Amino acid sequence: MTQAMDPAASGHVEINGVDYHYQIHGEGEPLLLLHGGLGTLDMFVPILPSLTATRQVVAIDMHGHGRTPLGDRAINLVEMGGDLGRVIDTLGYEQIDVMGYSMGGGVAAQIAVQNPDLVRRLVLVSTPAAKDGFYPDIVNQMHQISAQVADAMRGTPMHEAYAAVAPVADDFPRLLDALGDMVRRPDVYELEVEKLTMPVMLIYGDGDMFRLEHVVEFYKRLGGGRGDAGWMRENMPTNRLAILPDLTHYEVFMSPVMVETALRFLDGANSGPAWSQSEQTVR
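Residues numbered from 1 in each chain as written. Predicted model: local features only at pLDDT ≥ 70, side-chain atom pairs only at ≥ 80, totals over all residues. Heavy atoms only, no water.

## Some thoughts on helix 8 (residues 212-221)
Condition: A 1.4 Å probe rolled over the protein chains alone gives each residue an accessible area, and that area as a share of the maximum for its type sets the label: buried under 20%, exposed over 50%, partly exposed in between. For helices the rule is a DSSP run of H or I covering at least 4 residues; for strands it is a run of E covering at least 2, with both sets numbered from the N terminus onward. Read the arc as the range of directions from the helix axis to the C-beta atoms. Only heavy atoms enter the contact rule, under which two residues are in contact if any of them lie within 4.5 Å.
Among the residues of helix 8, those classed as buried are H214, V215, F218 and Y219. Viewed along the axis of helix 8, the buried residues span an arc of 135°, placing them on a single side of the element. Buried positions along helix 8 lie against strand 6 (119-125), strand 7 (200-207) and strand 8 (240-248). Following helix 8 by one or two positions, G223 has its phi on the positive side, about 100°.

Below you can see the structure in the form of structure tokens.
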């Protein structure tokens, strides 16, 4: 297991009965970082040095995950989005970039929908805009999540990461029940895409768990994929789509290529010079 970096600051903020754990790393423009389901903020340790080279990273353990207790409240992406908007406000940030992976992407999108003035730029890594974006076999697997699979998951990276830091390690079966209840809802990932008014980047692996048709439709709903961007980039959409090669859903969150791709977008950089600006000629 990769050794964690010591945070510059850490603590808990209680919102609506959930005691959210946060850590702050590095200096620079602030970036909120949200992990995936059955993960913890520690899953980003491999890429944290690359992010903190130019950014102040605010990482949060989501409801029932990592160092944030489960409690008795149901896990819900919309409610977590509202909660974490208030956490960021409590920590004193007037505006922040947000990047979320998988379930964390679903929460990141809800933060942006509910608090459009708070989120400067948004990166959604391996995140759908609706439940039918997943391949059908993945949906079937999601529906099997419950306390009944807890014994089978012991010794897996998800269980070991949880047991290492959870306030009550024996709550793992309860967490599986809570997540199972959430993902079986038909509207669990339903997103009001048109309310995302800030610049948005979608990032996926080419071996991800989402139907390619859904990825394209998500991007089109954001205004992309509607025509050629033009010789001078005059029709280039504000939002971006990246499908990274040779990466699965279970690898993309810690890929250096993902980090480089996301940071260029967050920094407002273009991917390269326009052909029309080149002084080179072929002879």
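## Some details on helix 7 (residues 172-183)
Quick reminder of the rule: Multiplying 1.5 Å by the helix residue count minus one yields the expected span of that helix.
When the terminal C-alpha atoms of helix 7 are compared, their 16 Å separation across 12 residues agrees well with the 16 Å that a helix rising 1.5 Å per residue should span. Of the residues making up helix 7, those classed as buried are F172, L175, L176, A178, L179, G180, M182 and V183. If you follow the buried residues of helix 7, they end up packed against helix 2 (77-90), helix 3 (103-114), helix 4 (136-142), helix 5 (150-153) and helix 6 (157-165).

## Comments concerning unusual backbone geometry
Located in the positive-phi region is N16, a residue other than glycine, with phi close to 50°. Looking at where N16 falls in the secondary structure, it is placed in the loop between strand 1 (9-15) and strand 2 (18-25).

## Details of the nonpolar core
Rules: To define a nonpolar core, start from buried Ala, Val, Leu, Ile, Met, Phe, Trp, Tyr and Cys residues and group those joined through side-chain atoms within 4.5 Å.
In terms of nonpolar packing, the biggest core is built from 64 residues, with L32, L34, I60, L84, L122, L196 and F218 touching the most fellow members. Setting aside its immediate chain neighbours within four residues, L122 contacts V98, A108, A109, A112, L196, M198, P199, V200, M201 and F265. Core analysis: the second largest hydrophobic core is formed by 27 residues, L33, M201, I203 and F253 among them.

## Considerations on the pattern of salt bridges
Worth spelling out the cut-off: One speaks of a salt bridge when a side-chain nitrogen belonging to Lys or Arg is within 4 Å of a carboxyl oxygen belonging to Asp or Glu.
In the structure shown here, the tally under the stated rule is 15 salt bridges. Between R67 and D42 there is a salt bridge, with its nearest N and O atoms 2.8 Å apart. In this pair, R67 sits in the loop between strand 4 (55-61) and helix 2 while D42 sits in the loop between strand 3 (29-34) and helix 1 (48-52), placing the two residues 25 residues apart along the sequence. We note a salt bridge from E192 to K195, for which the minimum N-O separation is 3.2 Å. Of the residues examined, E192 reaches a relative accessible area of 45% and is grouped as partly exposed.

## Points about the pairing of strand 8
Look at any regular strand and the pattern is simple: side chains alternate between the two faces of the sheet. Applied cut-off: When DSSP locates at least two bridges between a pair of strands, those strands are taken to pair. Consider the strands pointing away from the viewer: the crossover is right-handed when the path from the first strand over the helix to the second runs clockwise.
Pairing between strand 7 and strand 8: 6 bridges, direction parallel. Its bridge partner being in strand 8, I203 is matched across the sheet by A242. Once you follow strand 7 into helix 8 and on to strand 8, the crossover reads as right-handed.

## Some details on the side chain of D171
Looking at the secondary structure, you find D171 in the loop between helix 6 and helix 7. Setting aside its immediate chain neighbours within four residues, D171 contacts L70 and Y162.

## Describing the packing of aromatic side chains
Note the cut-off: Under the pairing criterion, centres of Phe, Tyr and Trp rings, with the six-membered ring standing for Trp, must be within 6.5 Å; the plane angle then separates stacked pairs below 30 degrees from edge-to-face pairs above 60, leaving the rest tilted. The rule is short: NZ of Lys or CZ of Arg within 6 Å of the ring centre and within 35 degrees of the ring normal puts a charge over the ring.
Under the defined criterion, the tally for this structure stands at 6 aromatic pairs. Relative to F253, the ring of F44 has its centre 6.4 Å away and its plane inclined at 80°; by these criteria the two rings are edge-to-face. Taken together, the positions of F44 in the loop between strand 3 and helix 1 and F253 in the loop between strand 8 and helix 9 (256-266) put the pair 209 residues apart, joining distant regions of the chain. Among the residues examined, F44 registers a relative accessible area of 4% and is labelled buried. For F253, a relative accessible area of 9% corresponds to the buried category. Here the basic side chain of R121 rests over the ring of F265, its NZ or CZ set 4.9 Å away from the ring centre.

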